[in-house]
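Listed below are the residues making up each chain.
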Amino acid sequence: MKNLKYIGIRLIVGSFLFWIIIPIVTVLPLTLTAKGILTGIILVVAEVMFWSGGLIVGKEILKKFNLFERLYLLINNKLSK
């Protein structure tokens, strides 16, 4: 069970690495269409990794990121701009 939490934490940290890759994609010698597709794939993979890791580690670890509260406020349109 403890190893599973480490996997979850690694998924969360790994998802942030994918966000760092996005600015690098913009300077690659690819067509605009390829950059858009690659960026979309990276975004989806990063989000899936993050939320999968969040489900594994549980609510108490994700509260450190303050995401459940922000998600609740966003859903209820209470998040200030």
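Located above this text is the structure these notes cover.
So, how was this worked out
- Residues numbered from 1 in each chain as written.
- Predicted model: local features only at pLDDT ≥ 70, side-chain atom pairs only at ≥ 80, totals over all residues.
- Heavy atoms only, no water.
- Helix = DSSP H or I, 4+ residues; strand = E, 2+ residues; numbered from the N terminus.
- Buried < 20%, exposed > 50% of the residue type's maximum accessible area, 1.4 Å probe, protein only.
- Contact = heavy atoms within 4.5 Å.
- Phe/Tyr/Trp six-rings, centres within 6.5 Å; stacked < 30°, edge-to-face > 60°.

### Remarks on the side chain of Ser15
Part 1 of the argument: Assignment of secondary structure puts Ser15 in helix 1 (residues 2-25).
Part 2 of the argument: Exposure remark for Ser15: the relative accessible area of 1% places this residue in the buried category.
Part 3 of the argument: Look past the residues within four positions of Ser15 in its chain and what remains in contact with it is Ala46, Met49 and Phe50.

### Quick look at the packing of aromatic side chains
Part 1 of the argument: Under the criterion given, the structure shown has 2 aromatic pairs.
Part 2 of the argument: Centre to centre, the rings of Phe16 and Phe50 are 6.0 Å apart; their planes meet at 65°, and the pair counts as edge-to-face. Placement of Phe16 in helix 1 and of Phe50 in helix 2 (residues 32-57) is noted, with a sequence separation of 34 residues between them.
Part 3 of the argument: Ring centres 5.2 Å apart and planes at 90° place the aromatic pair Phe50 and Trp51 in the edge-to-face group.
Part 4 of the argument: For Phe50, a relative accessible area of 8% corresponds to the buried category.
Part 5 of the argument: Take Trp51: its relative accessible area is 31%, and that puts it in the partly exposed class.
Part 6 of the argument: Site record: aromatic cluster; members linked through ring pairs are Phe16, Phe50 and Trp51.

Read these as spatial facts, not as claims about activity.
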